Amino acid sequence: CRMSSDGKPAKFQPPPKPVIIDKQKQREEKRFLSPEFIPPRGRIDPLKLFLERKDMIQRRKVFNIPEFYVGSILAVTTADPYANNKTNRFVGICIQRGGKGLGATFVLRNVIEDQGVEICYELYSPRIQAIEVLKLEKRLDDNLMYLRDALPQYSTFDMNMKPVSHLDHEEVPVNKLQVRMKPKPWSKRWERPKYNIKGIKFELPEEKMRKAQKWSQPWLEFDMMREYDTSKIEEKIWKEVSEELKK
Amino acid sequence: MMPVWTKSGKKHAVTLLKVQDCHVLRYISKEESGGKTSKLLVGGKNGSPFFKSEAAMEIFKEAGVPPKQKVTTFNVTDDAIIKPGTPLYAAHFRPGQFVDVTAKTIGKGFQGVMKRWGFKGQPASHGQTKTHRRPGAISTNKAAKVYRGKKMPGKMGNIYRTSFGLKVWRINTKHDIIYVNGSVPGHTNCLVKVKDSKLPTYKDCNKNPPFPTFFADGDESLPEDLYDEEIFQFTDPSVTYA
């Protein structure tokens, strides 16, 4: 055994305790409330929203709807009476999530044999048999409709893609990809400030970009009537939904 | 309005109607009313007593019921008479039944002939002078007058209209809600009258409805949700085609 400078045997020093990072606790702090639970503004009876939420939770207990964002790659299998195996599997990138309540939809886009295909699925439709998230990620925008006018390489995904693993406690990665576009004309004038797109690498001349700013409405962000603060509503609904799902 | 799916995977849009504090107010016999059948006065949602006439308040006092916002008459046969003061519930209707819904349409105010009656108007260019949405000719030369009921601009909407033959998909007995197929006249949260359908195709559709009505203090206790046979319930697994 080692001798210290005194010559006497050194006092036993226990090894340092390992620091346990509890990943479970970190995961509980992270909450994801699907956007279709948030009630829209308007004269809607809260009882109707309550009944709709009950139905949505009931469906989620039987069928797992995973967490996904606009920009994640999903594979959806639906029941199809006219297909060989009576099922139809489609892989694509989610470009838009619309609708509230039971009628919530999401649009998947893919390019198959040089033909762009977009399919709009209803989240709560009973014909959907499985939704798998192959790659969970966010993009810089909420709406990726501009992929229609982008080069096809940005919308092609392999139909037999392997799922990319995502650890539960990590934050959702944001893909800061800037997409290159086909030459103009586009289906919409994406350079205009009303679309507020950050994910396109505009290769237009500076003159055109300045002229597009003519349609900017800088007063909109200060308009108090358009403010819709959903933080408190979200917390209430999150509590309700998570309690029901645990039962 | 909400989506509803059938077991074959088809989607239908459904309107939710709430039965809120409905009571039978008065029984009017055949001779008194002068019609072919006796009538029952039924009152809807509870409202304030301040803007009601004395005569109306007397009816509510006689029945022993708080003042109602909407009062309607139903023509009833003699074996379906109910005692005034009994509450009416959504369980009076059953899924699979067909129903007519009457309500006042959304008022659009004074409207022109194109919106009100669907006239085609005139072209936007090619020499039209100040004439793009006008009715054009209103009668012929020989008639020498304008017929009564000629379609002209005027106040549109805010009149009673009925949608016939709406299927009842689901009934919630706890909150008294009827899920009725398709759309219904009126704005959101407006007062509505629901009757058994008068269409001849649905004459024999009511198999054993609660007659004369569903009494809450009776012996039978219904489950919270009553579904139609074809509806897809969310407790079942996803639909597959064999």
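The structure displayed is predicted, hence computed values, not measured ones.

### Examining the interface of chain A and chain B
Many structure descriptions define interface size as the accessible area lost when the parts assemble.
Logical step 1: The interface is formed by 26 residues belonging to chain A together with 27 residues belonging to chain B.
Logical step 2: When the two sides are added together, the surface that chain A and chain B hide from each other amounts to roughly 2,200 Å², 60% of it contributed by carbon and sulfur.
Logical step 3: It is Arg43(A), Leu51(A) and Pro126(A) that lose the most area in chain A upon contact with chain B, and together they represent 24% of the buried surface on that side.
Logical step 4: Counting across the chain A and chain B interface gives three salt bridges.
Logical step 5: Notably, a salt bridge pairs Glu122(A) with Lys11(B), separated by 3.0 Å at the nearest N-O pair.
Logical step 6: Along the contact surface separating chain A from chain B lie ten residue pairs in polar contact (both at pLDDT 80 or more).
Logical step 7: Listed by contribution, the elements that provide at least two residues to the side of chain A that touches chain B are helix H2 (46-62) and strand S5 (128-135) of chain A.

### Thoughts on a negative patch on the surface
Logical step 1: Residues Glu31(B), Glu32(B), Asp78(B) and Asp79(B) make up a contiguous surface patch of negative charge.
Logical step 2: Locating Asp79(B) in the fold gives a position in the loop between strand S5 (71-76) and strand S6 (87-88).

### A short note on the sheet that holds strand S3 (residues 105-112) of chain A
Residue and element names in this part refer to chain A.
Logical step 1: The five strands are arranged S4-S3-S2-S1-S5 in an open sheet whose pairing can be described as antiparallel. Across the chains shown, the open sheet's two edge strands, defined by having one partner strand only, are strand S4 (115-122) and S5. The average angle at which neighbouring strand axes cross in this sheet is 35°, direction not considered.

### A look at the domain arrangement of chain B
Logical step 1: Split into domains, chain B comes out as domain 1 (1-19 + 93-107 + 161-208 + 218-241), domain 2 (20-88) and domain 3 (108-156).
Logical step 2: One C-alpha centre belongs to domain 2 of chain B, the other to domain 3 of chain B, and the line joining them spans 43 Å.

### Some details on unusual backbone geometry
Residues and elements named next belong to chain A.
Logical step 1: Along the chain, Lys184 connects to Pro185 via a cis peptide bond; the corresponding omega equals 15°.
Logical step 2: With respect to the helices and strands, Pro185 occurs in the loop between strand S7 (174-175) and helix H3 (206-212).
Logical step 3: Non-glycine residue Lys86 carries a positive phi angle of around 60°.
Logical step 4: Summarising the element assignment, Lys86 is placed in the loop between strand S1 (73-79) and strand S2 (87-98).

### A short note on the confidence of the model for chain B
Parts of the prediction with low pLDDT should not have their coordinates interpreted in detail.
All names here are of chain B.
Logical step 1: Chain-level pLDDT for chain B is 91 on average; 100% of the residues reach the 70-or-more range.
Logical step 2: When mean pLDDT is compared element by element in chain B, strand S8 (residues 109-111) scores highest at 96, while helix H1 (residues 30-33) scores lowest at 87.
Logical step 3: Confidence metrics for the complex model read pTM 0.86 and ipTM 0.89.

### Details of helix H4 (residues 231-246) of chain A
Residue and element names in this part refer to chain A.
Logical step 1: Compared with the 22 Å implied by 1.5 Å per residue over 16 residues, the 22 Å span of H4 between its first and last C-alpha is a close match.
Logical step 2: Of all the positions in H4, only Ile237, Val241 and Ser242 are classed as buried. Buried positions in H4, seen along its axis, are confined to an arc of 130° and lie on one side of it. In H4, the exposed residues that point more than 90 degrees away from the buried face are Lys232, Lys236, Lys239, Glu243 and Lys246.
Logical step 3: Looking at the buried residues of H4, the elements they touch are H2.

### Considering the state of the cysteines
Logical step 1: Under the definition given, this model contains zero disulfides over all chains.
Logical step 2: The thiol sulfur of Cys120(A) is not disulfide-bonded, and the nearest other cysteine sulfur, from Cys94(A), lies at 9.9 Å.

### Quick word on the pairing of strand S1 (residues 2-5) of chain B
Residues and elements named next belong to chain B.
Logical step 1: Of the two faces of S1, the one lined by Met2 and Val4 and the one lined by Pro3 and Trp5 are each fully buried.
Logical step 2: In the sheet, S1 pairs with strand S2 (residues 11-18) via four bridges, with the strands oriented antiparallel. Bridge pairing in S2 places Val4 opposite His12.
Logical step 3: Hairpin connection between S1 and S2: a loop of five residues separates the two successive antiparallel strands, and Gly9 in this loop has a positive phi of roughly 100°.

### Focus on the nonpolar core
Logical step 1: Core analysis: the largest hydrophobic core is formed by 62 residues, its most contacted members being Phe106(A), Tyr124(A), Tyr146(A) and Leu147(A).
Logical step 2: Considering each element in turn, this core owes the most residues, five residues, to S2(A).
Logical step 3: In terms of nonpolar packing, the next biggest core, distinct from the first, is built from 22 residues, Val24(B), Ala90(B), Leu166(B) and Leu226(B) among them.

### Describing the side chain of Glu137(A)
Residue and element names in this part refer to chain A.
Logical step 1: When you line up the elements, Glu137 lands in the loop between S5 and strand S6 (138-139).
Logical step 2: Summary of buried charges: Glu137 has no salt-bridge partner, and the nearest side chain of opposite charge, Lys135, is 4.1 Å away.
Logical step 3: A polar atom in the side chain of Glu137 sits 3.3 Å from the side chain of Asn175.
Logical step 4: Sequence-distant contacts of Glu137, defined by excluding residues within four places in its chain, comprise Tyr69, Val70, Gly71, Ser72, Val172, Pro173 and Asn175.

The rules behind each value
- Sequence order sets the numbering: in each chain, residues are counted from 1 along the sequence as written.
- As they are written, the chains are lettered A onward and the ligands numbered 1 onward, keeping that order.
- In keeping with the predicted nature of the model, local features appear solely for residues at pLDDT of at least 70, side-chain atom pairs appear and are counted solely at 80 or more, and the whole-chain, interface and lining totals rest on all residues.
- Hydrogens and water molecules were not included; the side-chain quantities draw on all heavy atoms of the structure.
- Contacts are assigned to residue pairs that have any heavy atoms within 4.5 Å of one another.
- Summed over both partners, the accessible surface that disappears when two parts come together, traced with a 1.4 Å probe, is what is meant by buried area.
- By definition here, a salt bridge exists when the distance from a side-chain nitrogen of Lys or Arg to a carboxyl oxygen of Asp or Glu is within 4 Å.
- Any N or O atom pair separated by 3.5 Å or less is treated as a polar contact, with the protein-specific requirement of one donor-capable and one acceptor-capable atom, and with residues adjacent in sequence counted only for side-chain atom pairs.
- Per the convention used, a helix needs a DSSP run of H or I reaching at least four residues, while a strand needs a run of E reaching at least two, with both numbered from the N terminus.
- Candidate patch residues must exceed 30% relative accessible area and have no salt bridge, after which like charges are joined if within 9 Å and Val, Leu, Ile, Met, Phe, Trp or Tyr side chains if within 5 Å.
- Surface exposure here means Shrake-Rupley accessible area, sampled with a 1.4 Å probe, where a residue is shielded only by the protein chains that are shown.
- Charged-residue counts in this description rest on Lys and Arg as positive and Asp and Glu as negative, His and the chain ends being excluded.
- Where a charge lies is defined by one atom per residue type, namely NZ (Lys), CZ (Arg), CG (Asp) and CD (Glu).
- The criterion for strand pairing is that DSSP finds at least two bridges linking the strands in question.
- Structural elements are reduced to axes, namely lines fitted to C-alpha atoms, with helices fitted over the stretch in contact, and the angle between N-to-C directions of any two is expressed from 0 to 180 degrees.
- The start and end points of each domain follow an automatic or database-based domain assignment.
- pLDDT expresses, on a scale from 0 to 100, how confident the predictor is about each individual residue.
- The span expected for a helix works out to 1.5 Å for each residue beyond the first.
- Note on exposure labels: buried denotes an accessible area under 20% of the residue type's maximum, exposed denotes more than 50%, and partly exposed covers the range between, all computed with a 1.4 Å probe on protein chains only.
- To obtain the arc, one takes the directions from the helix axis to the C-beta atoms.
- Criterion for a disulfide: a pair of cysteine sulfur atoms at a distance within 2.5 Å.
- What we call a nonpolar core is a set of buried Ala, Val, Leu, Ile, Met, Phe, Trp, Tyr and Cys residues that are connected through their side-chain atoms within 4.5 Å.

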